[in-house]
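Close look at the chain arrangement
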Amino acid sequence: MDNVVIVTGAGRGIGAATARLLASRGYAVCVNYRSDNASAEAVVAAVSATGGRAFACQADVSVESEVRALFDAAEQRFGPVTHLVNNAGVLFCQSPLAEMSVERFNKVLTTNVTSCFLCSREFVQRAKYPGAIVNVSSVAARTGSPFEYVDYAASKGAVDTLTKGLSLELAARGIRVNGVRPGFIHTDMHADGGEPERVERLAPQIPLQRGGEPEEVANAIAWLLSDEASYVTGSFMDLAGGK
Ligand code: NAP
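The chain has the name Glucose 1-dehydrogenase in an unreviewed UniProt entry, where Halopseudomonas bauzanensis is given as its organism.

Now the structure itself:
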């Protein structure tokens, strides 16, 4: 049976690097995106150019009906979905909690946590065989991101708890669920937080003295999805240069 993976939020950054790497390892890849069709199609084109299989599929993964449609589309294109990477996530401008709106707080929770719940549920309901899920959390789940994005940090704490609980629910079915916790990765997300050069600013405080590349996170995700990690479930891998 083919390895078929959905990578959410795969038009750019960590998701795009993961989609490209998994395709190079023989997975048929559903490149999910929310709004940036051109970037998602560029990922698909890069995969196709190297002989891999991928297609772009628009869906807001925080919306139940769109998640169902996303899985339907992936299944129609490539067959049953065997692997899932819950990568889509957002953060907003750096701000102390006291100045955050409830609309912002709820948007962060639905995009980062509800999406993970909905995609995982859809995956589990359809899964007929062993498989694997990787949830993309953040070191923020450990640090709390004070004065920057406590909302985002709290959402990633919830992702970690979901990862742990679901891993225990699914272990007997042979479906492994693990998490990665990146930090300080060179992507466009920091511009969304209002500080495009955030990684450079923090680099001297990172034990490895530099930011990380999306491909370095993708390597960990690919390993956790693979049979090489066959005895690993409910685990978290930090990718934050030693922080
Ligand atoms: P990014 O460059 O901002 O990319 C995020 C992607 O998520 C975008 O392509 C966006 O799609 C997609 N997305 C957002 N909301 C979505 C939704 N509702 N439905 C579907 N797709 C959606 O982010 P990144 O830095 O690669 O981060 C990827 C993951 O790693 C996130 O979960 C993030 O929290 C986590 N992370 C990143 C860092 C870091 O330093 N970069 C550190 C820790 C954790 P569109 O562009 O099409 O809207």
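Resuming the write-up.
As a further point, take the packing of aromatic side chains. Centre-to-centre distance and the angle between the planes together describe a pair of aromatic rings. Here the structure, examined in full by the defined rule, presents two aromatic pairs. The interplanar angle of 70° and the centroid separation of 5.6 Å between the aromatic rings of phenylalanine 55 and phenylalanine 78 together place this pair among those described as edge-to-face. Residue phenylalanine 55 is found in strand S3 (residues 53-58), and its partner phenylalanine 78 is found in helix H3 (residues 64-78); the two are separated by 23 residues along the sequence. For the pair phenylalanine 55 and phenylalanine 78, one class covers both residues: buried. For the pair tyrosine 149 and tyrosine 152, a centre-to-centre distance of 5.8 Å together with 70° between the ring planes defines the contact as edge-to-face. One exposure class covers both tyrosine 149 and tyrosine 152, and it is buried.

What follows concerns the nonpolar core. Membership of the largest hydrophobic core comes to 36 residues, with the highest contact counts inside it found for Leu22, Val29, Val31, Val180, Ile221 and Leu225. Looking at this core, the elements with two or more residues in it are strand S1 (4-7), helix H1 (13-24), strand S2 (28-33), helix H2 (37-49), S3, strand S5 (131-136) and helix H9 (214-225). With residues up to four places along the chain from it excluded, the contact list for leucine 22 reads Val5, Val7, Tyr27, Val29, Val85, Ala222 and Leu225. Counting 27 residues, the second largest nonpolar core, distinct from the first, contains Cys30, Val61, Leu170 and Ile175.

Our next topic: unusual backbone geometry. Despite not being glycine, serine 145 shows a phi value in the positive range, around 45°. Relative to the helices and strands, serine 145 resides in the loop between helix H5 (140-143) and helix H6 (150-170). Look at serine 145 and you get buried, because its relative accessible area is 8%. Phi at phenylalanine 184 takes a positive value of approximately 60°, unusual for a residue other than glycine.

The subject of this paragraph is the side chain of serine 167. For serine 167, the location among the structural elements is in helix H6. When its relative accessible area of 2% is taken as the criterion, serine 167 is described as buried. Contact partners of serine 167, with chain neighbours within four places excluded, come to Val177, Thr233 and Gly234.

Here the focus is the packing of H3 against helix H4 (residues 102-126). Running from N to C, H3 and H4 cross one another at 45°; their axes reach a closest spacing of 10 Å. What the angle tells us is that H3 and H4 run oblique. Where H3 crosses over H4, the handedness of that crossing is right-handed. On the side of H3, the interface is formed by Glu64, Val67, Arg68, Phe71, Asp72 and Glu75, while H4 contributes Leu118, Cys119, Arg121, Glu122, Phe123 and Arg126. Of the residues contributing to the contact of H3 with H4, the split by class is five nonpolar, no polar and seven charged.

How each quantity is defined
Residue positions are given per chain, counting from 1 as you read along its sequence in written order. Thresholds applied to this predicted model are a pLDDT of at least 70 for local features of residues and 80 or more for the giving and counting of side-chain atom pairs; totals over whole chains, interfaces and linings are not thresholded and use all residues. For the side-chain quantities, the full set of heavy atoms in the structure was used; hydrogens and water were omitted. Only rings of Phe, Tyr and Trp enter the pairing, Trp through its six-membered ring, and a pair is recorded when the two centres are within 6.5 Å. The plane angle decides the type: under 30 degrees is stacked, over 60 is edge-to-face, the rest tilted. Strands are runs of DSSP state E lasting at least two residues, helices are runs of H or I lasting at least four, and both sets are numbered from the N terminus onward. Only protein chains enter the accessibility calculation, which uses a 1.4 Å probe; a residue whose area is less than 20% of its type maximum is buried, one above 50% is exposed, and one in between is partly exposed. Residues belong to one nonpolar core when they are buried, are Ala, Val, Leu, Ile, Met, Phe, Trp, Tyr or Cys, and are joined through side-chain atoms within 4.5 Å. Note on contacts: a residue pair is in contact if any heavy atoms of the two residues lie within 4.5 Å. Note on definitions: angles span 0 to 180 degrees between N-to-C directions of axes, and those axes are lines fitted to C-alpha atoms, for helices only across the stretch in contact. Oblique is the label for any angle not under 35 degrees, not over 145, and not in the 65 to 115 range, which are roughly parallel, roughly antiparallel and roughly perpendicular in turn. For a crossing to be left-handed, the near helix must be turned anticlockwise from the far one by less than a right angle; the clockwise case is right-handed. Polar here means any residue other than Ala, Val, Leu, Ile, Met, Phe, Trp, Tyr, Cys and Pro, which are nonpolar, and Asp, Glu, Lys and Arg, which are charged; Gly is therefore polar.

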